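What follows is the residue order along each chain.
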Amino acid sequence: MKVDFKLVGALIAGDRQADRIVPPTGFTAQLTLFAAGAMAFLAVFALALSLAAGRLAERWGDELARTSTIRIVAPVGQVGAQTDAALAVLSTTAGVASARALTDEEQEALLAPWFGADLQLDSLPVPRLIEVIEAASGFDANGLRLRLSAEVPGAFLDDHTRWRAPLVEAASRLRLLGWVALLLIAAAVAAMVTLAANAALAANAQVIAVLRLVGATDRYISQAFVRRFTLRALVGSVIGMVLGMIAIILLPSSGDASGFLTGFGFQGMSWLVPLFVPVLTAGVALMATAFASRRALEALS
């Protein structure tokens with residue numbers, strides 16, 4: 001729909017006489033306030049979900065893309081020698097920025113969520129892990145695998161490509177789902193405001209007929225309804241936005257072991273993003289009411 005800037009100007013300026021055309025209370029007022037507030041509340045969570053998923057996708061992509069793992073699977077007496085041999089191979093491999101074998105404490109921490117904090121590695125045939133950090137240029141994974149198979153038979157390279165891409169894709173799709181949810185919320189606001197405006201116009205059909213008899217134009221009548229419903233939507237969305245942001249703040253801290261939920265919410269300047277929700281809600285209400293009032297007034301002609 002084309003934006004009518006004259007209508008926007010009239011909405012901002014206001015007209016007390018025109019405002020009297022639309023009853024300030026009643027079912028339509030409550031419906032508009034509730035719908036706008038509820039949708040704004042949900043929009044805040046959809047925004048938080050989308051932004052958090054975006055950060056998650058970036059973090060997984062950046063961190064996992066430059067890390068690899070080598071597993072040393074060998075008899076107990078040969079683990080140390082093969083670990084040293086693998087580190088020697090890595091030290092002469094182009095594209096490897098650094099490599100180090102994880103300590104027993106670090107491996108125990110990795111296995112603690114599954115086996116408990118009192119795990120003793122001596123009691124289990126746990127392979128030795130080597131963390132490999134790539135340089136900016138990267139390394140030839142296939143070439144490194146061939147070298148390891150020849151010089152360190154018990155070494156297996158995992159460059160994370162098998163599961164990194166699905167994780168990043170899942171986070172990206174979750175971000176897309178958040179934006180789709182926002183579009184559906186905007187459509188729901190438009191539908192609810194349109195229904196409320198149509199109900200108010202139908203209930204005031206006799207008043208509109210009298211106004212036309214005394215010389216009121218359809219633009220004048222339409223502006224009254226647009227202003228009233230836009231302000232109702234704005235007030236309701238502000239309330240819903242504030243409640244949504246408070247709910248985000250009150251969410252329990254995810255902690256270090258939260259996995260997927262780490263970072264859910266807003267961070268830094270992204271706390272300003274929900275402030276646009278009432279503005280967008282008012283804009284959707286303005287266009288929906290203008291369209292509904294135009295069609296209703298044509299039908300009442």
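Please read these numbers as outputs of a predicted model, since none were measured by experiment.

### Here we look at the pairing of strand E3 (residues 128–134)
So, step 1. In this sheet, E3 lies alongside strand E1 (residues 67–72) in antiparallel orientation, the contact comprising 6 bridges. Bridge pairing in E3 links Thr67 to Ile133.
So, step 2. Pairing of strand E2 (residues 96–101) with E3 involves 5 bridges; the strand directions are antiparallel. Its bridge partner being in E3, Arg100 is matched across the sheet by Glu131.

### Topic: the pairing of E1
So, step 1. Relative to strand E4 (residues 155–158), E1 is paired through 4 bridges, and the arrangement is antiparallel. Its bridge partner being in E4, Arg71 is matched across the sheet by Phe156.

### Some thoughts on the packing of aromatic side chains
So, step 1. Under the definition given, this model contains 2 aromatic pairs.
So, step 2. When the centroid spacing of 5.2 Å and the interplanar angle of 45° are considered together, the rings of Phe41 and Phe45 count as tilted. Of this pair, Phe41 and Phe45 both sit in helix H3 (residues 27–65), 4 residues apart, which is roughly one turn of the helix.
So, step 3. On the accessibility criterion, Phe41 (28% relative accessible area) is partly exposed.
So, step 4. Judged by its relative accessible area of 23%, Phe45 is partly exposed.
So, step 5. With centroids separated by 5.2 Å and ring planes inclined at 55°, the aromatic side chains of Phe266 and Trp271 adopt a geometry described as tilted.
So, step 6. Looking at Phe266, the relative accessible area reads 6%, which means it is buried.
So, step 7. Here Trp271 falls in the partly exposed class, since its relative accessible area comes to 28%.

### Looking at helix H4 (residues 79–91)
So, step 1. Across its 13 residues, H4 extends 18 Å between first and last C-alpha, which sits within 8% of the 18 Å expected from 1.5 Å per residue.
So, step 2. Turning to H4, the residues buried within the fold contact E1, E2, E3, helix H6 (141–151) and E4.

### Structural notes on the pattern of salt bridges
So, step 1. What the rule picks out here adds up to 4 salt bridges.
So, step 2. For the salt bridge of Arg100 with Glu106, the shortest nitrogen-to-oxygen distance reads 3.0 Å.
So, step 3. Judged by its relative accessible area of 30%, Glu106 is partly exposed.
So, step 4. Here Glu131 ties to Arg100 by a salt bridge, and the two come within 3.3 Å at their closest N and O atoms. You can see Glu131 sitting in strand E3 and its partner Arg100 sitting in strand E2, a full 31 residues away along the chain.

### Focus on the confidence of the model for the protein
So, step 1. Per-residue confidence for the protein gives a mean pLDDT of 80; residues scoring 70 or more make up 80%.
So, step 2. Low pLDDT, under 50, characterises residues 256–260; the stretch is placed with 3 contacts to residues that sit more than four places away or in other chains.

### Comments concerning the sheet that holds E3
So, step 1. Ordered by their spatial adjacency, 4 strands build an open sheet running E2-E3-E1-E4, and the pairing between neighbours is antiparallel. Edge positions in the sheet fall to E2 and E4, since each has one partner strand and no second. Across this sheet, the average inter-strand angle for adjacent strands is 20°, counted without regard to direction.
So, step 2. Most of the contacts of H4 go to E3, to which it runs at about 10°, and overall it touches E1, E2, E3 and E4.
So, step 3. Where H6 meets the sheet, its contacts fall on E1 and E4, and the angle it forms with E4 comes to roughly 170°.

About the thresholds
- By convention here, each chain's residues receive numbers from 1 onward along its written sequence.
- Whole-chain, interface and lining totals are the exception, using all residues; otherwise, since this is a predicted model, local features are given only for residues with pLDDT of at least 70 and side-chain atom pairs are given and counted only at 80 or more.
- With hydrogens and water set aside, each side-chain value is computed from the structure's full complement of heavy atoms.
- Here the rule is simple: two strands pair whenever DSSP picks up at least two bridges between them.
- Strands are runs of DSSP state E lasting at least 2 residues, helices are runs of H or I lasting at least 4, and numbering of each runs from the N terminus.
- Pairing of aromatic side chains here covers Phe, Tyr and the six-membered ring of Trp, requires ring centres within 6.5 Å, and sorts the geometry by plane angle: under 30 degrees stacked, over 60 edge-to-face, intermediate tilted.
- The buried label goes to any residue with under 20% of its type's maximum accessible area, the exposed label to any with over 50%, and the partly exposed label to all in between, with areas taken from a 1.4 Å probe on protein chains only.
- The span expected for a helix works out to 1.5 Å for each residue beyond the first.
- Note on contacts: a residue pair is in contact if any heavy atoms of the two residues lie within 4.5 Å.
- Each reported salt bridge corresponds to a side-chain nitrogen of Lys or Arg within 4 Å of a carboxyl oxygen of Asp or Glu.
- On a range of 0 to 100, pLDDT expresses the predictor's confidence in each residue.
- With axes taken as lines fitted to C-alpha atoms, and helix axes fitted only over the stretch in contact, angles between N-to-C directions fall between 0 and 180 degrees.

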